[in-house]
Amino acid sequence: MFDQEFLTTLFPSNRTNEFFEALFGDAEEGAYDIKLSYQGKEGNSHKFFFELHARPNQCLRCNLTTGLPPVFERHPIIASKKLAEEIAKKAGFANHTWKIGQTIQYSEEVHYVPFYITEA
C-alpha cells in the first residue's frame, strides 16, 4: 500500500533542500538528506521513518538530530500534518491521530525519526 513511489510523491527529495534553505538560507548547509520510508503496521498504527542520511563529507551528530522531532511536527516544509492526512486517506482511516517519536541513531551515517499515523 505504501510503496516507495507513493512515499516519494508525498515527500520528494527536493524537500530536503527546501527545508535547509528555510532554516539556513542555503541548502548546502544541510548535513543530511531526508527520505520517508514505510516500516509496517503496528496494531492500528502505520509506522514510517523520516530517514536522515548523511551527505558526502558531512557528519550526522546526535546534537544535530535529537531536537528534530518538535521541529518536524511544526515545520511547514516537512508538513507532517498534511503527510499524515494523505497517509490516513490512503489507509482508509475515517479519523486519525499522528505523532513523531524520538530520533533513533541507527549508525553514524543514518538516523531515523519515527512517524506514526493511527486510526482513531
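As the structure is a prediction and not an experimental result, all values here were calculated from the model. (Residues numbered from 1 in each chain as written. Predicted model: local features only at pLDDT ≥ 70, side-chain atom pairs only at ≥ 80, totals over all residues. Heavy atoms only, no water.)

Asks: Can you lay out the overall build of the protein for me, pointing to particular residues and giving the numbers?
Replies: Counting its regular elements, the protein contains five helices and five strands. Mapped from its N terminus to its C terminus, the protein presents α and β elements in the order α-α-β-β-α-α-α-β-β-β. For the protein, whose C-alpha radius of gyration is 14 Å, the value lies close to the compact-globule estimate of 14 Å for 120 residues. Projected onto its principal axes, the C-alpha positions of the protein cover 45 × 25 × 25 Å. By residue count, 43% of the 120 residues in the protein fall in the buried class. Here the analysis covers contacts within the protein between residues at least 6 apart in sequence; of these, 58% occur between residues at least 24 apart. A total accessible area of about 6,700 Å² is found for the protein, and carbon and sulfur atoms account for 47% of it. When the 12 basic and 16 acidic side-chain charges of the protein are each reduced to a single mean position, those positions are 7 Å apart. (Helix = DSSP H or I, 4+ residues; strand = E, 2+ residues; numbered from the N terminus. Rg over C-alpha atoms; globule rule 2.2 N^0.38 Å. Buried < 20%, exposed > 50% of the residue type's maximum accessible area, 1.4 Å probe, protein only. Contact = heavy atoms within 4.5 Å. Areas by Shrake-Rupley, 256 points an atom, 1.4 Å probe, with all protein chains shown as cover. Lys, Arg positive; Asp, Glu negative; His and termini not counted. Charge placed at Lys NZ, Arg CZ, Asp CG, Glu CD.)

Asks: Please provide a residue-by-residue account of helix 2 (residues 14–24), values included.
Replies: Within helix 2, burial applies to Arg15, Thr16, Phe19 and Phe20. Projected down its long axis, helix 2 carries its buried residues within an arc of 135°, all on one side. Elements that come into contact with the buried residues of helix 2 comprise helix 1 (4–10), strand 1 (32–42), helix 4 (68–74) and helix 5 (80–91). (Arc of directions from axis to C-beta.)

Asks: Can you break down the environment of Gln102 residue by residue, with the values?
Replies: Of note, Gln102 is situated in the loop between strand 3 (96–100) and strand 4 (104–105). Excluding anything up to four places from it in sequence, Gln102 contacts Thr66, Pro69, Tyr112 and Pro114.

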